[in-house]
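So the chains spell out like this:
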Amino acid sequence: MKHIPIKSLFAAALFMAIAPGCNKILEEEPRSIYTPDFFKTEKGVLGGITSQYAHLRFIYGQPYYYNSLETGTDEYTWAQSADGNFKDADLSGVGNLNAASSRSDALWGTAFSNINTASGIIENAEAVKTIPASLIAEARFFRAFDYFLLVQTFGGVPLDLGSGELKFNTSPSRKSVRNTVPEVYTKAIFPDLITAVNDLPATPRVTGGVTKTAARLYLAKAYLTYGWWLQNPNNIPTYPAAQRVDPAGQTAAWYFQKAYDIATQAIDEPGPFGLENTFYDLHVGGNDRNKEMLLYADHTQESEFYNGACIACFDGEAGNGRNSAKWMVNWNYTVIRSASNPDGTGSAVSSVQREASQALGRPYTRMAPVIGVFTNTFADKTLDSRYDGTFTTVYRGNWPKGGTTNAVLYNANDLPIRPGEPVLTFLEDESQTANIVYPSGANFPGKVSNNVGAGVLPGRADFVINPRGISRMVYPGLWKIGVYRTDNGTGLGQPNATSTRPFKIAKFSELYLIAAEAAVKGATTVSGKSARDLINVIRARAGKWKFSNKANAAFVADNSAAMVAATPANIDINYILAERSREYFGEGHRWFDLVRTQKWNELAGTYEIGDPTYGAHTPKVFTRTIQPFHYLRPIPQGQIDGMDYSPEEKAAYQNPGY
């Protein structure tokens, strides 16, 4: 295939070589080409293995791929500044998802290039006597990891990249044959992950290195996903056409049981991993490489070389390993204005300025959360800490950091505000909606407007927006993946640089949710690990508070007992999906979750949100046209165009409907 030459697609990226004996970091060394002989040397094997970690940057944090995993779900829709990449993915009548516009292309080329490197390592590393099986198992993990992403996204994909199935390809080819879904799982994903589970260490070889626990998580999740595929409850078509029959004769129930068994074994044998004490601890900047993280795409503020992108400048929004996903879900809060005079008149001052902080960051307004997120998914905002630990709901004044010298500005009700105090707040519920007054020239003559269509409540100095007043223009930001830097000093820092935080990919917490889902699907459980038991471990943690982002202050509370008591006696798939959204909102899980369970149309077929204008407070209902063929993304147009096939053969290669 044209897209998988031995000259790697990552030629301009940072390839890495691990120094022998290094047990702390992955040392990167640029390299543009790998050969079989290179993989028969210790340096070659180590360099190839380390490149497996580097490739994660080209998938996770890549904004258009991030969009493809969130926009069009019950978490996100397109926002005011969205271009066709985002509108097409929403399937709501404002665009048309096709092979040219689908941004799943960001996965296709990156994954296959890495798979080929992994195959080169696996084939040749045994010739290097100093290379242990545990190191080769890292390559097996990543080959399975990429194939798992691909098969969930596109259906059956090629196992032969030009030199035979799962062989290292040294001869670029313009031919390609897609294997079926069962073949990809049973020939590639399961065998590689089983070997990885057996051979990987319990403790990571280097910081962020894959382990037995990470391999168990992905093996359990692959078993779970394949079980759903075999069961096919809503008769969703697959491609290439294949009977929903396991080659080894196992049933969906068998795979659900395996998913449960592997996930609970990982919980019982955690190694150095476990849950963070609070949801806040899990996501607060500066604590990204914590004990709950099993896998992440690494970035760092300490070195531009190791960060993989410019640390202190704007160097583009996509590609080349940058992490700019957070920009996409940020509205333009910098438009907010407060008055300079005590009577609410005078200059309109930018009171919330663009800052490199976790609550703020560069605004792009490409993706907006739908209203149901706030009224349904995160209905409990008092006991459950995850709403507060997910969103920026209070925008605070920071004008002195941008050089504005006013000690005080005047905000709602002409009341004074000082730096650090709330300028605009997204309310938690609708209880005060009837009392909100929206400023206009008629009812606030001569006054400086807040400029974003927010309202005023009696006695409050902050402007407010109720949950059903959220629009494609103005909405809470995503705090959990916000920027974190230590070099801002007393100023605004570098808000236009892409994020130097690692992008979280897999967490220990997901083992509980995988096992719970398998239990709901009929797996036989053991004492203390029913679906409700497993869910309640996560919910109990969610009830523990350490800090309130809303109040911007320490807040210690333990609502675990109340959270556990509120869990339904009978857990179903919809409840598990709701818990997954509360736990992983905006982290790139949602499209896979809805496709796996075939709940996409049921849960995301309609949504509510306001128009893409300031002051739009009346939500509208939008309907998505989610067809069965949409459960697979189109093969990227670049792949189709690059193949040496007839138009008819190319059409047969493409997923139906595209």
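Residues numbered from 1 in each chain as written. Predicted model: local features only at pLDDT ≥ 70, side-chain atom pairs only at ≥ 80, totals over all residues. Heavy atoms only, no water.

### Structural notes on the overall build of the protein chain
Condition: The way it works is that DSSP assigns letters per residue, a run of H or I at least four long becomes a helix, a run of E at least two long becomes a strand, and they are numbered from the N terminus. For a compact globule the rule gives 2.2 Å times the number of residues to the power 0.38, and the radius of gyration it is set against comes from C-alpha atoms. Exposure is judged per residue with a 1.4 Å probe applied to protein chains only, and the accessible area is read against the type maximum: over 50% gives exposed, under 20% gives buried, and values in between give partly exposed. We call two residues in contact whenever any of their non-hydrogen atoms come within 4.5 Å of each other. Using a 1.4 Å probe, the Shrake-Rupley method yields the accessible areas, and only the shown protein chains count as cover for residues. Charged residues are defined here as Lys and Arg on the positive side and Asp and Glu on the negative side; His and the ends of the chain fall outside this count. By convention, charge coordinates are those of NZ in Lys, CZ in Arg, CG in Asp, or CD in Glu.
Broken down by element type, the protein chain carries 20 helices and 17 strands. Computed over the C-alpha atoms, the radius of gyration of the protein chain is 25 Å, within 12% of the 26 Å expected from 2.2 N^0.38 for a compact globule of 658 residues. With the principal axes as the frame, the protein chain shows a C-alpha extent of 80 × 50 × 50 Å. Out of the 658 residues in the protein chain, the part that is buried amounts to 62%. Put simply, 75% of the contacts in the protein chain that link residues at least 6 apart link residues at least 24 apart. Carbon and sulfur atoms make up 51% of the accessible area of the protein chain, which totals about 22500 Å². If you average the places of the 62 positive and of the 62 negative side-chain charges in the protein chain, the two averages end up 1 Å apart.

### Description of the sheet that holds strand 7 (residues 394–396)
Selection criterion: By this definition, two strands are paired if DSSP reports at least two bridges between them. Note on geometry: axes are lines fitted to C-alpha atoms, helical ones only across the stretch in contact, with angles between N-to-C directions running from 0 to 180 degrees.
Read across the sheet, three strands follow the order 7-10-11 without closing on themselves; strand pairing throughout is mixed. The open sheet is flanked by strand 7 and strand 11 (463–465), the only strands paired with a single partner. Going from strand to strand, the sheet's axes swing by 15° on average, the running direction of each strand aside.

### Focus on the side chain of Lys 504
Cut-off, in case you're wondering: Polar contact criterion, stated in full: a pair of N or O atoms within 3.5 Å, where within protein one must be able to donate a hydrogen and the other to accept it, and residues adjacent in sequence count only if both atoms are side-chain atoms.
Relative to the helices and strands, Lys 504 is located in strand 13 (residues 503–507). You can call Lys 504 buried: its relative accessible area is 9%. A distance of 3.0 Å separates polar atoms of two side chains, one belonging to Lys 504 and the other to Asp 288. In contact with Lys 504, not counting residues within four places along its chain, are Leu 282, His 283, Asp 288, Met 293, Leu 295, Tyr 296 and Glu 587.

### What about unusual backbone geometry?
Going from Tyr 239 to Pro 240, the amide bond is cis rather than trans, its omega being -10°. A positive phi angle is found at Thr 365, which is not glycine, with a value near 55°. Here the phi dihedral of Asp 414 falls at roughly 60°; this positive angle occurs in a residue that is not glycine. One can find Asp 414 in the loop between strand 8 (409–410) and strand 9 (416–417). Among the residues examined, Asp 414 registers a relative accessible area of 26% and is labelled partly exposed.

### Details of the state of the cysteines
Selection criterion: Pairs of cysteine sulfur atoms within 2.5 Å are what we label disulfides.
Within this structure, the stated rule accounts for one disulfide. The disulfide bridge from Cys 310 ends at Cys 313, spanning 1.8 Å between sulfur atoms. On the basis of relative accessible area, Cys 310 is assigned to the buried category, the value being 11%. Exposure remark for Cys 313: the relative accessible area of 31% places this residue in the partly exposed category.

### Description of the packing of aromatic side chains
For clarity, the threshold we go by: Note on aromatic pairs: the rings of Phe, Tyr and Trp (six-membered ring only in Trp) are paired at centre separations within 6.5 Å, and the planes decide the class, stacked below 30 degrees, edge-to-face beyond 60, tilted for the rest. When the NZ atom of lysine or the CZ atom of arginine is within 6 Å of a ring's centre and also within 35 degrees of its normal, the charge is said to sit over that ring.
Under the definition given, this model contains 51 aromatic pairs. When the ring of Tyr 60 is compared with that of Phe 145, the centres are 6.3 Å apart and the planes differ by 50°; the resulting orientation is tilted. Here Tyr 60 is found in the loop between helix 1 (42–54) and helix 2 (63–70), whereas its partner Phe 145 is found in helix 5 (residues 133–154), with 85 residues between them in sequence. In this structure, Tyr 60 and Phe 145 share a single accessibility class: buried. Geometry around Tyr 387 places Lys 381 over its ring, the cationic atom sitting 5.0 Å from the centre.

### Description of the side chain of Arg 596
Counting through the fold element by element, Arg 596 comes out in helix 17 (residues 590–596). A distance of 3.1 Å separates polar atoms of two side chains, one belonging to Arg 596 and the other to Asp 593.

### Comments concerning the nonpolar core
In plain terms, the rule: For our purposes a nonpolar core is just a set of buried Ala, Val, Leu, Ile, Met, Phe, Trp, Tyr and Cys residues, chained together by side-chain atoms within 4.5 Å.
Within the largest apolar cluster, 170 residues are counted, with the highest numbers of intra-cluster contacts made by Phe 141, Phe 145, Tyr 147, Leu 150, Ile 189, Tyr 218 and Leu 295. With 14 residues, helix 5 is the largest single contributor of residues to this core. Once you skip the residues sitting within four places of it in the chain, Ile 189 turns out to touch Ala 144, Tyr 147, Phe 148, Val 151, Val 184 and Ala 222.

### Description of the confidence of the model for the protein chain
Short version of the rule: Per-residue confidence from the predictor is reported as pLDDT, which spans 0 to 100.
Per-chain confidence: the protein chain averages 93 in pLDDT, with 94% of residues scoring 70 or above. Per-element mean pLDDT across the protein chain ranges from 88 in helix 10 (residues 304–307) up to 99 in helix 7 (residues 212–231). Segment residues 1–25: pLDDT under 50, and 85 contacts once partners within four positions in sequence are set aside and those in other chains are kept.

### Brief notes about the pattern of salt bridges
Oppositely charged side chains can form a pair if their charged atoms are brought close together. In plain terms, the rule: A carboxyl oxygen of Asp or Glu within 4 Å of a side-chain nitrogen of Lys or Arg is what we treat as a salt bridge.
Taken as a whole and judged by the stated rule, the model has 35 salt bridges. Residues Lys 221 and Glu 510 are paired through a salt bridge, measuring 2.6 Å at the closest nitrogen-oxygen approach. Here Lys 221 is found in helix 7, whereas its partner Glu 510 is found in helix 13 (residues 510–520), with 289 residues between them in sequence. Among the residues examined, Glu 510 registers a relative accessible area of 2% and is labelled buried. Because the salt bridges share partners, they merge into one network encompassing Glu 292, Asp 384, Arg 386, Arg 539, Arg 541, Glu 579, Arg 582 and Glu 583.

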